[in-house]
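Working through the structure, step by step
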Protein chains: 2
Amino acid sequence: MHDPDPLALLSATARTAKSSVIRDLLEHAKRPGVISMAGGIPDPDLFPVEEIARAAGRVLAADRGVLQYGLTSGEVGARMAVAPLLGHEPDPERVLVTTGSQQGLDLVAKVLVDAGDVVVAGDPSYLGALQAFRSHHADLEAIPVDEAGMVVDVLEERLEAGLRPSFVYVVANFQNPTGAVLSAPRRAHLVRLAERFGFLIVEDDPYGQLRYDGVAVAPIGEGSDHVVRMRSTSKVLAPGLRVGWTEGPRWLVDAMVIAKQSADLHTSTLSQAIVTELLGDADWFADHVAAIRHQYGIRRDALCEALTTTLGDRISFQRPEGGMFLWATLPGVETMPLLATALENGVAFVPADAFTIDAHRPHTARLSFATVDPEDFTTAVERLAAAIDAC
Amino acid sequence: MHDPDPLALLSATARTAKSSVIRDLLEHAKRPGVISMAGGIPDPDLFPVEEIARAAGRVLAADRGVLQYGLTSGEVGARMAVAPLLGHEPDPERVLVTTGSQQGLDLVAKVLVDAGDVVVAGDPSYLGALQAFRSHHADLEAIPVDEAGMVVDVLEERLEAGLRPSFVYVVANFQNPTGAVLSAPRRAHLVRLAERFGFLIVEDDPYGQLRYDGVAVAPIGEGSDHVVRMRSTSKVLAPGLRVGWTEGPRWLVDAMVIAKQSADLHTSTLSQAIVTELLGDADWFADHVAAIRHQYGIRRDALCEALTTTLGDRISFQRPEGGMFLWATLPGVETMPLLATALENGVAFVPADAFTIDAHRPHTARLSFATVDPEDFTTAVERLAAAIDAC
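The paragraphs below set out a description of the structure included in this document. (Residues numbered from 1 in each chain as written. Chains lettered and ligands numbered in written order. Predicted model: local features only at pLDDT ≥ 70, side-chain atom pairs only at ≥ 80, totals over all residues. Heavy atoms only, no water.)

Description of the relation of the copies chain A and chain B
In plain terms, the rule: The copies were overlaid by least squares, fitting only the C-alpha atoms of residues that reach a pLDDT of 70 or more in each copy. Whether two residues are in contact is decided by their heavy atoms, any of which lying within 4.5 Å being enough.
Rotating chain A by 180° and translating it 0.0 Å along the rotation axis places it on chain B, where the RMSD comes to 0.0 Å. When the rotation and shift are considered jointly, the pair of chain copies conforms to a two-fold rotation axis. Both copies share a contact surface, since 100% of the interface residues of chain A are interface residues in chain B too.

See below:
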């Protein structure tokens, strides 16, 4: 008898897949006493726990069917419930409920990508999306991101030089990790390119509801069949429910439904029913979003003020108008070695290179303000300053 | 401007994937007045709805963290909660919580199968498993199933002739669709072959708790590193929670955790907490399983009696000792055309060929007794008999 040989048995994908840098980092950031600006998670104190508990009680009392096997595409009511996150009433045949919007990213890659197909993503981008695309053997093409989001002119040059992507992945509102908003002219430009070159735009929008000031930019390509929209309850209700949506052309949604059937049959019907109740109460949901927006806005302000007060011109950053992240550059300071010292000093962040594809941004870091107590930002930034001094 | 071209954009997998026959059939079986023996679903009247509602209330009141992002491998308590379904206390490092055991089937294929690798499955088999394996480009090798489960002698012949599978998929207890139990000698034989030829056994056991008479057969290869076990709450609590488990060698579970991270980050933490509460109350869980076993046993008996009384020697079947399915042969009657007539007469079942890989079993059908009222079996079988007469 011999033990199984993992190297012989694992698939090529599984042999090359790596655990994410974020996940490994979070282990250190969880130590007691560390003020963590490393996480990409919402504040549990802002979850509407009582309302979720009441909704769970109501839906379970009303219909035991809420615990039965369900439609792979999601219950019709749950599909329609995404309306306030889309800003329009969707056609339910164009909507799929997913197990978090992460599953939407996985399924869209599964149905669109053959090995070696190109997927375009901003550089930097949300790591979980890049992992999902790579797990389906996509070749990632990196397009720089600046203060106004993806630099669409660079994409146009590459398309004219022959680039033919399956899709372009974009987080247009308060992008993770940069906090940037894709400008209105770039949104329009991107749609024109999609129509001219025949690719899809996968628009992921977990943070769109969390705008603290400034004016909302109109959604990318409203009414265009070239846009696939992903929405999520993770930042506006609670991530543990694992409910997201994909809205897109029917041929794509149909293919994703078939792929989802073998992936997990359907998303928790209990979670779907809870989310349907809460998003269906339009007044309550609007008030709830206003309340969490207020709380996160206070934290954004407190972080910006502490950075300016304590670090002055030793740091440069764009004040994010929403979301959870601030993208800061520390001229002359390498953020990867800085992190180890910062953790010793009791503060955590994520170095920019954790999120980059081709670019190397040694002096930049992502600071998340979502889970820090407003009173702790001064201490957090003082610890960061001390770590900079010690580096 | 032109519309996106699905044929040009869809991946090879997505272009060839087909919706399942079961799903299309269930549409007809849902018509009012039809007694459906077609479904593979448990009876919602047997879901412990009040206990699930109370558990939801308790876990939400105790810890808001139950709604936060969680570990990709599952909360430690939720991993340990599988103990009563495994029959032993697991090492949590060898366990992964999945979004239903369907996700376990998808992930195990994702991490073990390169395009063209062989996966062995019984013929017939659970369709959802075959779909998951095919979606990862596995070549399926079909091994016949008889009254004592997979015919392991045939597998041995093929292995000796050079077959080298990534893994062998087996539902050893009350297999869907045949209801067969893999015999003890065949279980031992299969493990010897796995050790000799270096493959894994993926043992999926959604029905193991539902034994109505006879003696339980010892689990396949206890303690063997060649066995990967999948368990599920879908048939003992409720499928809508979407909680399953995979237990296996650590190298495999680690690879599946990485694959799951990009698939859906983690399974609903609320569902995990509910399941942990209910399975953790050992006395309650044992009583609950005994109660649903009793109810399903009554239905198994009622179906067998109605078939014998009404159809006599026009039908042959093995009385299943558990599970939800009875596999019946109607000599001289083709079950695919019979289905259309049966639906007109107000009764539904699934023709055997919906579940086969290579075999053609034109005269056989799967009858599910799980969701039929015991008083309705006589009528159901009379309608079936009338359809046979009319064919």
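So, the sheet that holds strand β11 (residues 325-329) of chain A
All names here are of chain A. Put simply, the test is: Two strands are counted as paired when DSSP detects at least two bridges linking them. Numbering of helices and strands starts at the N terminus; helices are DSSP runs of H or I of at least 4 residues and strands are runs of E of at least 2.
The strand order across the open sheet formed by four strands is β10-β11-β14-β13, and the pairing between neighbours is antiparallel. The outermost strands of the open sheet, each flanked by one partner alone, are β10 (316-317) and β13 (350-351). Judged from the two bridges that link them, β13 and strand β14 (residues 364-368) form a sheet pairing that is antiparallel. Following the sheet pairing, V350 is matched in β14 by R366.

Some words on the pattern of salt bridges
All names here are of chain A. For the record, the criterion: Salt bridge criterion: a side-chain nitrogen from Lys or Arg within 4 Å of a carboxyl oxygen from Asp or Glu. Here the term buried applies to any residue with accessible area under 20% of the maximum for its type, exposed to any over 50%, and partly exposed to those in between, with areas from a 1.4 Å probe on protein chains only.
Going through the model one piece at a time under the given rule, you end up with 41 salt bridges over all chains. As a salt-bridge pair, D225 and R94 come within 3.2 Å of each other at their nearest N and O atoms. With D225 in the loop between β7 (200-204) and β8 (227-232) and R94 in the loop between α6 (83-86) and β2 (95-98), this residue pair connects regions lying 131 residues apart in the sequence. Accessibility expressed as a relative area gives 25% for D225, which makes it partly exposed. Here the residues in one salt-bridge network are E203, D205, R229, R231 and E247, joined through shared partners.

Details of a negative patch on the surface
Residue and element names in this part refer to chain A. Condition: Patch membership requires over 30% relative accessible area and the absence of a salt bridge. Like charges are linked within 9 Å, and nonpolar side chains (Val, Leu, Ile, Met, Phe, Trp, Tyr) within 5 Å. Accessible surface area values rest on a Shrake-Rupley calculation with a 1.4 Å probe, where residue burial reflects the displayed protein chains alone. A positive count includes Lys and Arg, and a negative count includes Asp and Glu. His and the chain ends are not counted in either. Just so you know, the charge point we use is NZ for Lys, CZ for Arg, CG for Asp and CD for Glu.
A cluster of acidic side chains, namely D45, D373, E375 and D376, defines a negative patch on the protein surface. Residue placement: D373 occurs in the loop between β14 and α15 (377-390). D373 sits in the partly exposed class, given a relative accessible area of 41%.

Regarding the interface of chain A and chain B
Quick note on the threshold: As a working definition, buried area equals the accessible area (1.4 Å probe) given up by two parts on being put together, with both sides summed. As used in this structure description, the phrase polar contact means that two N or O atoms lie within 3.5 Å; if the pair is within protein, one of them must be able to donate a hydrogen and the other to accept it, and residues adjacent in sequence are counted only when both atoms belong to side chains.
Contacts between the two partners involve 78 residues from chain A and, on the opposite side, 78 residues from chain B. When the two sides are added together, the surface that chain A and chain B hide from each other amounts to roughly 6600 Å², 60% of it contributed by carbon and sulfur. Where chain A touches chain B, the interface holds three salt bridges. Put simply, D45 of chain B and R64 of chain A hold a salt bridge, and the shortest N to O gap is 4.0 Å. Our count for the contact surface shared by chain A and chain B stands at 26 residue pairs in polar contact (both at pLDDT 80 or more). Mapped onto the side of chain A that touches chain B, the elements with two or more residues apiece are α1 (6-9), α2 (12-16), α4 (49-62), α7 (100-112), α8 (127-135), α10 (184-197), α11 (250-264) and α12 (269-280) of chain A. Ranked by residues supplied to the side of chain A that touches chain B, first place goes to α11 of chain A with eight residues.

Describing the nonpolar core
The tendency in soluble globular proteins is for nonpolar side chains to be buried side by side. Short version of the rule: Nine residue types can take part in a nonpolar core, namely buried Ala, Val, Leu, Ile, Met, Phe, Trp, Tyr and Cys, and a core is a set of them joined through side-chain atoms within 4.5 Å.
If you look at the biggest cluster of nonpolar residues, it comprises 87 residues, and the most contacted ones within it are F133 and F167 of chain A. The contacts of F167 of chain A, once residues within four sequence positions are left out, are V108, A109, L112, V113, V118, V119, V120, F133, L200 and V202 of chain A. Grouped together as the second largest cluster of nonpolar side chains are 86 residues, A255, V257, L330 and F369 of chain B included.

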